Structures are given as structure tokens and as C-alpha cells.
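Letter by letter, the chains look like this.
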Amino acid sequence: MKLTLKLMFAIIALIIVMLGTDAVLSVQRESDFLQKELQNKAYRVGNAMKELVADAWRRQGPDVALALIQAANESETLTIIRWVWLDDASGDRFTPQAPVDRLKPVARGEVVAMHYQDRSGTSKLLTYIKVNVGQRPGALELAEPLNVVDSFVRISIYRKIALAAIVVGAILAVTLLLGIWLVGWPLKRLTDKARRVGAGELTGPIELRGRDELSELALTLNQMCERLAESQLRERKETEARIATIEQLRHADRLRTVGQLASGVAHELGTPLNVVTGRASLITSGRLNAEAIVESAGIIKSQAERMTNIIRKLLDFSRTGTSHRVQVDLMMIVRETSQILEPLSRKHGVELIVVDHPESQSACVDAGQIQQVLTNLIVNAIQATPESGRVTIDVTRERRQPPPTEGERVYERDVFCLSVTDTGHGIADDVRQRLFEPFVTTKDVGQGTGLGLSIAYGIVHEHGGWIEVESEVGHGSRFQVFLPTESESCPDES
Ligand code: ADP
């Protein structure tokens, strides 16, 4: 619309300038022409009368000649003819209206015409024609009022203005309609479409009829949207495939850990199974009285519950879960994970210590994923620690600065720190450099896949955190997982 208005005003300004120039020139021309006509008429009348007056003056005297002039005056409507003495500046009835010094050429026989404004402000065209009546220089003065010309010019100007107004109005209407139809409306649709594209809505192509630049632009915009939509779809599919692969890898990693835990769990189940078998044998022997049978059945029940608990935890850990973040107490995750790994650490003769904090350390995390991270770190620590060594797990709240990221300024912030410290053999420098890369392992075939730490890195990174490692060969290692304390709109644990 603004473009249409600008175009319209530019065209109108041009037309006004053109019409105005034409009006000024033609009014000027017409006014000049009219004045020339008046002058010619005065010249013709004056010349015709000159001889008559001179003849009457000579033959019948000045009175008859003056009466002749008077008679001519009565028959002329516009022109006033007077007799004047060219040397008379006294101001009486024969004094010329024009200053006498400007009339010297008339005395020499020339015809003089000039514009003159009398005392009342009326403009006149004065024409002087010499008449030979003796020694004294006399002449005919023909005065024609110029207001005829003025009113003609005024009417002409009014007509031009009216014409200009009609032309401008017509052009205004036509330009406005054409501008809205050809430019304003298509541009509005293009702008709306561009806005929708900006907001991420790529569907609904716009159709502009015709073959002008705007319809070409609409076509290009539609093609651009199609290509964008295609690449978005491709990207979405690729992302989905990538997420599915990551999920599969993570699940495979969990199953591997389950495999590592299985022997420990089997060992763990041994004791309750022995108790159950012993008590069941006692019952079936028939040697127990009713009270002892009830007591044995109670023991069998509690041992069965213990075994169910161990197996349930293992199954819980191995199941695939969709990412779901809620407010969870990190201490609770640590306790549950250490319970699952207890059999493995016992099998290795390693003491698993959880530093207990009574206060809750609530963070917005996916509990299953953080448990997987912890499990990978603790399993690695147990495997790296010799018999009678220690693996300590702790959760603290700290103020830390994240590692520098390219193009982003990092600030110190409050974070939770999940640390797993072992008294194991430590990590050699060459392994440490590539610790979080996939397939980096120092373990025997079948023991390690080299995926544990890279998966842990991915999960922690997705949670907006990071992992730091300290290690001294021969003395042990410490893995610290930092997780944000703050997160926007996180549902409570249900
Ligand atoms: P995997 O355990 O399958 O080898 P990870 O990615 O979990 O894969 O670990 C990669 C390697 O990092 C391990 O093979 C081991 O050499 C080293 N590592 C990890 N944690 C420790 C630790 N606590 N102490 C010593 N070495 C470790």
C-alpha cells in the first residue's frame, strides 16, 4: 500500500508540474495574443480616424473635428478616443494620460503604444497616433482597458485548474485501483507468506496470477519453501535415525553392564536360595511342629522377596526407557545404583562407599540415564581397583565454571557434582587423551567395548553438564559429573 501511494504521488506530482507549466505558458501566450489584438485594433481605428479628423479640422475647424471624435467614441464600446496636445502637460481636457516626455516619438510621426495605470489603479493600453492639424503637435489617444484581458486570463486559469483537477482525480483513482490490484494486494500476500515462513510454517503456497515480477517472486518463494520443507523432513528423519542409534547403543551398553552384573547377582542369589532349599527340606521332612513350619515358611517368604528385589532391580536397569526428565533426588539414584553394583564390588573384593547426605539434592534429570552414567563409572572404577581397594561415591553442591565452549562465554554457576573416586591403577596419559571417544578400551575382548564413557559423555552433555577426570597412575582416579542445579519448567517426580 505504501509503495502504491508513493508511486501515485510521484505520478501526480509529475502530472501537476506538466499541466502547470503548460497552463502558465498557454495563459501567457493567450494574454500576449489578446493584447496584440487590442493594439492592432487601436492602430486600425486610429489610422482610419486620423485622416478624417485632420480633414475636418482643416475644412470645418477644431469643433467639428472634436465632435467627430466624440461621435466615434459613442459608437465604440470599449475604446475611449480623445484628442490630445503632445506638448500639453497642464492637466486640462487635452492633456495626454501618458507622461509627455514619453510621447516625443509620436510628434515625429511614430505610433506609440504603452501600458498605463491610472490613479484609480485601472490598467490601460494607450495608443497615440499623430494628426497633422498645423504647427502645434496633436494626436489621437486611444485608451483600451486591460481588465478585459485580465478577466479572460482569469477564466482561462480557472478552466486549466478545473481540467488539472479532473485529470489528477482520474489518474489518482486509476493509479490507486491498479496499484492496489497489481502491487498492493500481491505484496500483502507475499509479506504474509514471508511472515509465516519466518514463523516456521512452510505449507500453503501462494498463487499469484500473471507473469510479472511479483508472481515470479511468489513462485521462487514457493520453491524455496518446498526445498526448506524437504530438507527439514530429511533432517528430522536423520535426527530420528541418529536418536534411535544412540538409544540402541545405550541399551546395548546397559545390557553389557547387566551381563557384567549377572555373575555377581547369581552369586548374590546363592545365599537366599540355600536358605530357601534348607527350610523347604525341613518342612517336607515332616519333623517340624506347626509353629516351626510357620516360622520356616516366613523365612522362605522373606528370602523369596529378597531374591525378587535383586532380580527386579536388574530388570529395571536393563529395560529401554524413553528420555523423561523430572525432579529427582540424586542421592536416591546413587543409593539404588550402588545397591545394584554391590554384588559386583563384593565379587571383586572392593569396598563400595556411598557418602551419605541427609539433605536431598534434587535435580531435573532422566533418572534412568543418570543411573547408566553412574553405573558405567562405578563398574570401570571397580574393575580398575585391586582387591581390598575402595570406590567412593559422593554428591555435593558446588560453584564451578564449565569448560570453555567455542563462541560462547562461560560463567561460574551452581552445579551438582556426582563423584566416583577409586584407589585403582589410574589411567595412562595416552588413554586419558581419548577417554571419551567411542571404542577406546584397554580391556580384554569381551570385557570392554569402549562405549561406556562416550555414552556417559553424551548423556551428561544432553543434560547441560560436563565430566571432569583426575587420575594418577598407580594411585587411582576420580570422575566428576557436573549437572545444572537450575532448569526451566521441570515436572516433579511422580
Ligand atoms: P570400556 O569400559 O568398555 O573399556 P569405557 O569407555 O567405559 O569403555 O572406558 C574406556 C577406558 O577407560 C577403559 O578401557 C579404561 O582403560 C579406562 N578407564 C575408565 N575408567 C577408569 C578408571 N576408573 N580407572 C582406570 N581406567 C579407567
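This one's a predicted model, so the numbers in the text were calculated from it and none came from an experiment. (Residues numbered from 1 in each chain as written. Predicted model: local features only at pLDDT ≥ 70, side-chain atom pairs only at ≥ 80, totals over all residues. Heavy atoms only, no water.)

### Brief notes about the packing of aromatic side chains
Within this structure, the stated rule accounts for 5 aromatic pairs. For the pair Trp83 and Trp85, a centre-to-centre distance of 5.4 Å together with 90 degrees between the ring planes defines the contact as edge-to-face. Under the relative-accessibility criterion, Trp83 is labelled buried at 3%. On the basis of relative accessibility, which here comes to 12%, the residue Trp85 falls in the buried class. Consider the rings of Trp466 and Phe482, whose centres lie 4.9 Å apart with planes at 25 degrees: the pair is stacked. With Trp466 in strand E10 (residues 466-472) and Phe482 in strand E11 (residues 476-484), this pair connects stretches of sequence that are 16 residues apart. Of the two residues, Trp466 and Phe482, neither departs from the other in class, the shared state being buried. Of the aromatic side chains, those joined through ring pairs into one cluster are Trp57, Trp83 and Trp85. (Phe/Tyr/Trp six-rings, centres within 6.5 Å; stacked < 30°, edge-to-face > 60°. Buried < 20%, exposed > 50% of the residue type's maximum accessible area, 1.4 Å probe, protein only. Helix = DSSP H or I, 4+ residues; strand = E, 2+ residues; numbered from the N terminus.)

### Points about the site of the ligand
In the region of the ligand, 21 residues are neighbours, and Asn380, Thr441, Thr442, Lys443 and Thr449 sit closest. In this structure, an oxygen atom belonging to the ligand sits 2.8 Å away from a side-chain N or O atom of Asn380. If the ligand stood free it would expose 530 Å²; the protein chains cover 97% of that surface. One can see that the ligand is located within the second largest pocket. Looking at the shell around the ligand, the elements with two or more residues in it are helix H8 (367-384), helix H10 (452-462) and E11. No other element matches the 3 residues that H8 contributes to the shell around the ligand. Per-class residue counts for the shell around the ligand are 8 nonpolar, 10 polar and 3 charged. (Near = heavy atom within 4 Å. Polar contact = N/O pair within 3.5 Å; in protein donor to acceptor, adjacent residues only side chain to side chain. Areas by Shrake-Rupley, 256 points an atom, 1.4 Å probe, with all protein chains shown as cover. 1 Å grid on protein atoms, 1.4 Å probe; cavity = no way out; pocket = protein on both sides within 12 Å on 5 of 7 lines; lining within 4 Å. Sits in = over half its atoms within 2 Å of the grid points. Nonpolar A, V, L, I, M, F, W, Y, C, P; charged D, E, K, R; others polar.)

### A few points about the layout of surface pockets
As a volume, the second largest pocket reaches approximately 550 Å³. The wall of the second largest pocket is formed by 29 residues, among which Asn380, Thr441, Thr442, Lys443 and Leu453 lie closest to the centre. Elements with a minimum of two residues in the lining of the second largest pocket: H8, H10 and E11. At 6 residues, H8 tops the list of elements feeding residues into the lining of the second largest pocket. (Points joined across faces, edges and corners; volume = space filled by probe spheres on them.)

### Comments concerning the sheet that holds E10
Across the sheet, which stays open at both edges, the 5 strands sit in the order E6-E8-E9-E11-E10 with mixed pairing between neighbours. At either margin of the open sheet sits one strand with a lone partner, and together these are strand E6 (351-354) and E10. Within this sheet the neighbouring strands show an average axis-to-axis angle of 20 degrees, counted without direction. Relative to E11, E10 is paired through 7 bridges, and the arrangement is antiparallel. Bridged to Glu470 within E11 is Arg478. (Pairing = 2+ DSSP bridges. Axes fitted to C-alpha atoms, helices over the stretch in contact; angles between N-to-C directions.)

In short, geometric facts, not functional conclusions.
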